Amino acid sequence: MTDLLRVENIHTFIGQFHILEGVSLSVPAGSITALLGRNGAGKTTTLRSIIGLLSPRAGRIMLDGREIQGRPAYDIAALGIGYVPEHRAVFRDLTVEENLKIAERRKGDLDRRSDLIFDLFPDLKRFIRLPGGQLSGGQQQMLSIARVLVADNRLLLIDEPSEGLAPVIVENIIEALRRLSDHTTVLLVEQNFRMAAQLADRYYILDDGQSVQSGQMAELARDGALVAKYLGAG
Ligand SMILES: Nc1ncnc2c1ncn2[C@@H]1O[C@H](COP(=O)(O)OP(=O)(O)O)[C@@H](O)[C@H]1O
Ligand SMILES: [Mg+2]
């Protein structure tokens, strides 16, 4: 398999703080890769570095063999990377439809993708005229994921989609991501190890801003000691 995304030894600062001190990972096309690690390990900072909201001071980020680090976020997004941030960031005063519409990159994107989106997330169709702020947490997460499906993205960066959601809703999100992975490539940040284990083929673990471990998800799932060491109570 070829790597759609390669992150090579990036160092990212926030203000004067050296947050990422050598993060490397690769994401093969057509798979889900999990990015794991304790709270504060640098997972969100890694995603923000890839999408260009933070600019790494050293290292390389390659999309399909092309260096993208240091470019502005809108440029990087336009290459076909969709970012689903932590805490969902749905526009509360816009309707579901408006939230989707503003995610268009080209006119007609939403019409072209609406079958896929509403098939994955039927609730969004039911509540299409409702303001985003009136959706449940789970529905807001679905809307947040749906927004990156509107445009034609090759790679999705999804940050903790299960956060704060009831187990039954998490199951729905797992199912949707599983179906999605037939169409696209995902780098998934998750604290919910069980969710990551169900979805991902490969994993990377960050600890204190550094890549410390990687491999096949199925092997990690069997290695309780490793899970406990880097991810806390497994
Ligand atoms: N705006 C900021 N200013 C200073 N430190 C920050 C800022 N944002 C994040 N950090 C620090 O960077 C580290 C990594 O954070 P983050 O990438 O959000 O971790 P994770 O997503 O793995 O929980 C943490 O120690 C956090 O405190
Ligand atoms: Mg985070």
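Each remark here, short or long, concerns the structure printed above.
Residues numbered from 1 in each chain as written. Chains lettered and ligands numbered in written order. Predicted model: local features only at pLDDT ≥ 70, side-chain atom pairs only at ≥ 80, totals over all residues. Heavy atoms only, no water.

Engineer: Which residues make up the overall build of the chain, and what values go with them?
Structural biologist: Helix and strand content of the chain: 10 helices and 10 strands. Relative to the globule expectation of 17 Å for 234 residues, the C-alpha radius of gyration of the chain, 17 Å, shows essentially globular dimensions. Its C-alpha atoms give the chain principal-axis dimensions of about 45 × 40 × 35 Å. Per-residue burial over the chain gives 50% buried out of 234 residues. Within the chain, contacts between residues at least 6 apart in sequence are counted, and of these 70% link residues at least 24 apart. When the accessible surface of the chain is summed, it comes to about 10900 Å², and 48% of that surface belongs to carbon and sulfur atoms. Here the chain contributes 27 positively and 29 negatively charged side chains, and the mean placements of these two sets differ by 2 Å. (Helix = DSSP H or I, 4+ residues; strand = E, 2+ residues; numbered from the N terminus. Rg over C-alpha atoms; globule rule 2.2 N^0.38 Å. Buried < 20%, exposed > 50% of the residue type's maximum accessible area, 1.4 Å probe, protein only. Contact = heavy atoms within 4.5 Å. Areas by Shrake-Rupley, 256 points an atom, 1.4 Å probe, with all protein chains shown as cover. Lys, Arg positive; Asp, Glu negative; His and termini not counted. Charge placed at Lys NZ, Arg CZ, Asp CG, Glu CD.)

Engineer: Mind laying out unusual backbone geometry, listing which residues take part and the relevant values?
Structural biologist: For residues besides glycine, phi is generally negative; the peptide bonds are generally trans as well. One non-glycine residue with positive phi stands out, namely Arg88, at about 70°. If you trace the backbone, Arg88 turns up in the loop between strand E6 (81-84) and helix H3 (96-101).

Engineer: So what's going on with the coordination of the magnesium ion (ligand 2)? Residues and values would help.
Structural biologist: Thr44 (OG1) and Glu86 (OE) make up the full set of protein donors to the magnesium ion (ligand 2), lying at 2.1 to 2.6 Å. Of this pair, Thr44 sits in helix H1 (residues 43-51) while Glu86 sits in the loop between E6 and H3, and the two are 42 residues apart along the sequence. (Donors = N, O, S within 2.8 Å, 3.2 Å for Na, K, Ca; no water.)

Engineer: I'd love a proper account of the site of ligand 1, names of residues and values included.
Structural biologist: What surrounds ligand 1 is the set Ile14, Phe17, Ile19, Arg38, Asn39, Gly40, Ala41, Gly42, Lys43, Thr44 and Thr45. Interatomic distance of 2.8 Å between a side-chain N/O atom of Lys43 and an oxygen atom of ligand 1. Computed on the free molecule, ligand 1 has an accessible area of 560 Å², of which 59% lies beneath the protein chains in the complex. Within the residue set of the shell around ligand 1, elements represented by two or more residues are strand E2 (17-28) and H1. (Near = heavy atom within 4 Å. Polar contact = N/O pair within 3.5 Å; in protein donor to acceptor, adjacent residues only side chain to side chain.)

Engineer: So what about helix H7 (residues 167-180)? Which residues, and what values?
Structural biologist: Between its first and last C-alpha, H7 extends 20 Å over 14 residues, near the 20 Å set by a 1.5 Å rise per residue. Within H7, burial applies to Val170, Ile173, Ile174, Ala176, Leu177 and Leu180. Seen along its axis, H7 keeps its buried residues to an arc of 165°; they face one direction. Where H7 is buried, its residues contact strand E3 (32-36), helix H4 (109-120), helix H6 (137-150), strand E7 (155-159), strand E8 (185-189) and helix H8 (193-199). (Expected span 1.5 Å × (residues − 1). Arc of directions from axis to C-beta.)

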